[in-house]
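Listed here are the chains, written in short residue letters.
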Amino acid sequence: MLTPSRPVRADATWRLLLIALLSAISFTIYTAWSLYQTRTAHIEDTFQRNEVLAELLEEQALKVLSEAQGVLRYLSAELTSRDLHDPSLHQELHDWMNYFPDLSQLWVLDQDGRVTASSVTEAPQGFDFSATALYHAHARGADVYVSGLRKGAVSERWLFSVSMAVRDGQGAFRGVVVASVERDYFEAVYARLTLAPNDNIIITKTDGNVIALRLRDDGDTPLPSFGQTRLITEYLPQAPQGRLHMTSLLDDELRLGAYRSIRGWPLAVIVTSSKQDVLALWREDAIKTVSALVIGLSLLFLLTWWTAKAIQTKEAVLRQRSILLNEIHHRVKNNLAIIQSLLMLEASKVVPEARSGYEDSLSRVEAMALVHEILYQSENFAGLDGGDYINRLCTVLAASTGNRITLSADVEPRIVLELDQAMPLALLVNEAVSNSLKHAFPERQNGRIAVRLHRQGSDIVVEVEDDGIGFSSEVRQGKKSNLGLRLIRSLAAQLDGALTLENVLPAQDNRPASGGLLRLRFQSC
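All residue numbers here refer to positions counted from 1 along the written sequence of the relevant chain. Only residues with pLDDT of at least 70 get local features here, since the model is predicted, and only at 80 or more are side-chain atom pairs given and counted; chain-wide, interface and lining totals rely on the full set of residues. Side-chain calculation: all heavy atoms of the structure are included, whereas hydrogens and water are not.

Asker: Even after reading the chapter, I still don't get the overall build of the protein chain, so can you show me in this structure?
Answerer: Scanning the protein chain from terminus to terminus reveals 11 helices and 18 strands. The dimensions of the protein chain, computed from C-alpha atoms along their principal axes, are 160 × 55 × 35 Å. Residue contacts are defined here by distance: any two heavy atoms, one from each residue, within 4.5 Å place the two residues in contact. Look at the contacts in the protein chain between residues 6 or more apart in sequence, and 62% of them connect residues 24 or more apart. Of the roughly 28,100 Å² of accessible surface on the protein chain, a fraction of 55% belongs to carbon and sulfur atoms. Counting rule for charge: Lys and Arg are taken as positive, Asp and Glu as negative, and neither His nor the chain ends is counted. Where a charge sits is defined by one atom per residue type, namely NZ (Lys), CZ (Arg), CG (Asp) or CD (Glu). Each charge class in the protein chain can be summarised by its mean position, and for the 53 positive and 62 negative side chains these summaries are 11 Å apart. We count a stretch as a helix when DSSP gives it H or I for four or more residues in a row; a strand needs E for two or more, and each element gets its number in order from the N terminus. Accessibility throughout is a Shrake-Rupley quantity obtained with a 1.4 Å probe, and a residue counts as covered only by protein chains that appear here.

As structure tokens, this is what we get:
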């Protein structure tokens with residue numbers, strides 16, 4: 001059965017709104033996921049960049065530390081048996097500085113910590129290092145020591161020192177040789193790297209004392225110790241290199257960084273970036289993306305609103321057209337009923353022998369009226385349920401046969417006929433059944449007529465079969481026909497179908513084959 005068509009304004013509008021809402025949610029989720037992925041990528045890029053910088057800085061630190069270690073090792077060996085107060089030693093140290101430009105100062109201390117020679121021209125004789133951490137480390141037996149970043153007493157510049165103990169042939173402590181490196185050495189390295197303003201670089205001893213620091217005021221504020229930070233207590237003991245995510249002691253900012261132990265030295269290099277600065281770049285991209293999303297959702301809303309209004313307007317026109325078509329079919333049905341009444345009135349005025357033509361016309365008008373009645377009831381004016389129509393037509397025709405003839409219908413469900421197919425098929429079936437009722441049973445009081453409707457591939461097949469006398473050879477060959485058969489052939493031509501007439505019951509007792517079968521095959525629209 002065809003389902004009645006009804007106004008779909010609410011359904012179509014709600015479907016449109018649902019599609020728009022799902023689209024907006026999908027775009028929003030996708031944008032949020034993309035922003036999350038981009039944020040993760042920014043952070044990952046920062047970690048990877050800082051890991052590369054840490055490796056580069058380790059190589060630069062190793063360069064100057066190895067240089068200082070080589071010079072100190074030579075001096076220590078040279079001074080094993082030499083007088084530490086030799087006046088010529090001062091000039092020798094001064095000359096050595098010409099060959100090692102990365103070093104800023106060389107010092108020789110006696111076993112009491114007093115300066116006996118220096119590469120610094122203006123260094124006062126007898127300058128005392130006895131209170132410094134490096135002297136105490138060597139006095140307690142350390143061979144090599146790296147001091148933290150400090151302000152030089154003579155140059156008043158920030159520097160750190162690498163020192164080595166001087167011992168005599170028996171291993172007794174005789175003094176210390178010291179090589180100092182200014183912070184400017186690393187400043188020159190920083191200048192060759194691509195760094196953000198708030199990126200910080202720290203080279204620290206494993207006890208937490210800093211020997212190099214990029215972001216540092218040149219005032220007298222003591223440098224903080226990193227001894228109790230997670231870098232010293234957790235990260236370095238677990239792995240010689242890795243990533244860190246921690247709050248800086250220097251500016252209380254959350255920082256993303258990479259650390260790396262300096263091979264062969266109790267030192268580590270740390271490169272960190274402000275997470276706030278890293279995400280500031282991401283926020284700029286996020287603002288642009290969110291702005292684009294808002295604009296896109298606004299356009300989607302406007303398009304949805306415009307489409308909904310267009311649907312409402314179109315559906316209003318369709319509703320009005322449906323009402324008009326409904327009224328037309330209703331009026332046509334009423335007019336056909338009037339025609340039936342007029343034909344019945346005229347038929348009542350003629351002799352019984354002449355009423356056959358009126359009855360045929362009444363049957364045809366009733367078949368056409370039934371089409372419009374079904375269309376009117378279904379409110380679907382684009383097509384007609386062929387199975388429903390055949391069933392109802394057979395019911396109407398069977399009522400006119402009394403109990404003499406059995407009329408049955410066998411139809412396949414959901415065969416929809418276009419409107420320009422429905423009317424010719426309705427008249428054709430009506431004519432075929434009427435023709436069987438008139439001519440198939442001339443000598444019998446009972447009989448059977450079956451109407452079948454089914455599909456074969458993309459075609460529709462209609463069959464009207466009876467168990468009567470069948471078609472004569474002249475009728476089958478088209479040499480002889482009555483008005484009904486001529487009308488059937490004309491209607492078949494309108495449907496652009498193939499019409500065949502045949503007898504399906506075999507010959508018996510010298511009687512020819514019987515049982516007429518009318519078959520029409522046409523293509524569905």
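Asker: I would appreciate a short explanation of the packing of aromatic side chains in the present structure.
Answerer: Two aromatic rings, taken as a pair, are described by how far apart their centres are and by the angle between their planes. Pairing of aromatic rings covers Phe, Tyr and the six-membered ring of Trp, with a centre-to-centre limit of 6.5 Å; geometry is then stacked below 30 degrees between planes, edge-to-face above 60, and tilted otherwise. Scanning all chains against the criterion turns up 10 aromatic pairs. Among the aromatic residues, those joined into a ring-pair cluster are Tyr74, Trp96 and Phe100.

Asker: Looking at this model, I keep getting lost on the sheet that holds strand β15 (residues 447-456). Mind explaining?
Answerer: Whenever strands of a sheet pair, they do so through backbone hydrogen bonds, lying parallel or antiparallel. Paired strands are those between which DSSP finds at least two bridges. Overall, mixed pairing links the 5 strands, which are arranged β13-β15-β16-β18-β17 in an open sheet. Because the sheet does not close on itself, it has two edges, and the strands there are β13 (405-411) and β17 (498-505). Averaged over all pairs of adjacent strands, the angle between their axes in this sheet comes to 15°, without regard to strand direction. Judged from the 7 bridges that link them, β13 and β15 form a sheet pairing that is parallel. Note on method: axes are straight lines fitted to C-alpha atoms, helices fitted across the in-contact stretch only, with angles between N-to-C directions ranging 0 to 180 degrees.

Asker: Can you walk me through the nonpolar core in this structure?
Answerer: Side chains of a nonpolar character, in soluble globular proteins, are inclined to be buried together. By nonpolar core we mean a set of buried residues, namely Ala, Val, Leu, Ile, Met, Phe, Trp, Tyr and Cys, connected to one another through side-chain atoms within 4.5 Å. Summary of the burial criterion: residues with accessible area below 20% of their type's maximum are buried, those above 50% are exposed, and those between are partly exposed, where the area comes from a 1.4 Å probe applied to protein chains only. Judged by nonpolar contacts, the single largest core of 43 residues is most densely connected at Leu65, Leu103 and Phe186. In terms of residue count, helix α1 (residues 9-78) provides more of this core than any other element does, 11 residues in total. Residues contacting Leu65, with those up to four places away along its chain left out, are Phe160, Val162, Ile262, Trp265 and Leu267. Core analysis: the next-biggest nonpolar cluster, separate from the first, contains 42 residues, Val371, Leu437, Phe441 and Val464 among them.

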